[in-house]
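Architecture at a glance
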Amino acid sequence: GSRGNSANSSGSSETSAPDPRRIRTMHHLNTPSLHNLDELCVRICRTLDREHSVLRGSNGLMGQGVDDLEAIHAEKSEQLELLETLARSPEAADEAKTDPRRAQDVREKIERCKQLQYRNHQVFSRIVAAQRRIISALRASDDDISIYDRAGRARDYSKGRLGDRA
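To start, this report covers the structure provided alongside it. For clarity, every value in this text was computed on a predicted model and none was experimentally measured.

Parameters at a glance
Residues numbered from 1 in each chain as written. Predicted model: local features only at pLDDT ≥ 70, side-chain atom pairs only at ≥ 80, totals over all residues. Heavy atoms only, no water. Helix = DSSP H or I, 4+ residues; strand = E, 2+ residues; numbered from the N terminus. Buried < 20%, exposed > 50% of the residue type's maximum accessible area, 1.4 Å probe, protein only. Contact = heavy atoms within 4.5 Å. Areas by Shrake-Rupley, 256 points an atom, 1.4 Å probe, with all protein chains shown as cover. Core = buried A, V, L, I, M, F, W, Y, C linked by side-chain atoms within 4.5 Å. Polar contact = N/O pair within 3.5 Å; in protein donor to acceptor, adjacent residues only side chain to side chain. Axes fitted to C-alpha atoms, helices over the stretch in contact; angles between N-to-C directions. Parallel < 35°, antiparallel > 145°, perpendicular 65-115°, else oblique. Nonpolar A, V, L, I, M, F, W, Y, C, P; charged D, E, K, R; others polar. Salt bridge = Lys/Arg side-chain N within 4 Å of Asp/Glu carboxyl O. Left-handed = near helix turned anticlockwise from the far one by under 90°.

What about the overall build of the chain?
When you go through the chain residue by residue, the secondary structure sums to six helices and two strands. In sequence order, the chain lays out its α and β elements as α-α-α-α-α-β-β-α. Taking all 166 residues of the chain together, 23% fall into the buried category. Taking contacts inside the chain between residues at least 6 apart in sequence as the whole, the part at least 24 apart equals 61%. Surface accessibility of the chain: about 11800 Å² in total, with carbon and sulfur atoms responsible for 52%.

A closer look at the nonpolar core
With 16 residues, the main nonpolar core has Leu37, Leu40, Ile44, Leu83 and Cys113 as its most contacted residues. Not counting residues up to four positions away in its chain, the partners in contact with leucine 83 are Leu37, Leu40, Cys41, Ile44 and Ile110. The next biggest cluster of nonpolar side chains, apart from the first, holds five residues, and it includes Val54, Leu69, Ile72 and Val123.

Observations concerning the side chain of threonine 47
By secondary structure assignment, the location of threonine 47 is in helix H2 (residues 34–56). Taking relative accessible area as the criterion, threonine 47 reaches 1% and is therefore assigned buried. Looking at threonine 47, its side chain comes within polar contact range of the side chain of glutamate 75, at 3.4 Å.

Brief notes about the packing of H2 against helix H4 (residues 90–98)
Running from N to C, H2 and H4 cross one another at 100°; their axes reach a closest spacing of 9 Å. Relative to H4, the element H2 is oriented roughly perpendicular. Along its contact with H2, which presents Leu34, His35 and Leu37, the element H4 presents Ala92, Glu95 and Ala96. Across the contact of H2 with H4, the residue classes break down as four nonpolar, one polar and one charged.

Describing the pattern of salt bridges
The final tally for this structure, using the stated rule, is seven salt bridges. Residues arginine 119 and aspartate 49 are paired through a salt bridge, measuring 3.2 Å at the closest nitrogen-oxygen approach. Residue arginine 119 is found in helix H5 (residues 100–140), and its partner aspartate 49 is found in helix H2; the two are separated by 70 residues along the sequence. Among the salt bridges present, the one from glutamate 75 reaches arginine 50, with a minimum N-O distance of 2.8 Å. You can see glutamate 75 sitting in helix H3 (residues 64–87) and its partner arginine 50 sitting in helix H2, a full 25 residues away along the chain.

Thoughts on the packing of H2 against H3
Taken N-terminus to C-terminus, the directions of H2 and H3 make an angle of 160°; their axes are 10 Å apart at the nearest point. With respect to each other, H2 and H3 are oriented roughly antiparallel. Crossing handedness for the pair H2 and H3: left-handed. Here Asn36, Leu37, Leu40, Cys41, Arg43, Ile44, Thr47, Leu48, Arg50, Glu51, Val54 and Leu55 of H2 lie close against H3, whose contacting residues are Gly65, Asp68, Leu69, Ile72, Glu75, Lys76, Gln79, Leu80, Leu82, Leu83, Leu86 and Ala87. By residue class, the composition of the contact of H2 with H3 is 14 nonpolar, four polar and six charged.

Digging into the side chain of aspartate 38
With respect to the helices and strands, aspartate 38 occurs in helix H2. If we skip the residues at most four places from it in the chain, aspartate 38 touches Arg102, Val106 and Lys109.

See below:
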């Protein structure tokens, strides 16, 4: 299929509206075949790489990063659902019997998708764990805050003393 067949000058500023070209290109993948499974795996890997970039970015779980992750998650869910449907189809199974080499290539690409998904899950888990540690530290330090001054002496900034300073 052709990729740049429609004008791209308007509508690119709206991230929430689905790209009609993506919908059209996803639609043609609905026919069960090893070729479509292969192409879908390539798309899923690209989606997972975009997700990884957002997760690794400094604003991954804040502001626009959240919106980007939600859009990517919706796209990924749609792609994975289609992948599962195509992979379980009798047509793909029959084609796999007649072209075992191609079927093995598709299995390897599916495995690559799983690896990328696992990588993203690990990054996300580390981010969430770090945020939980920060929240826990902030909650624990509400009662007693000690900060060292330049001379290395601990300064006590407990709730009562903070209230006096405000």
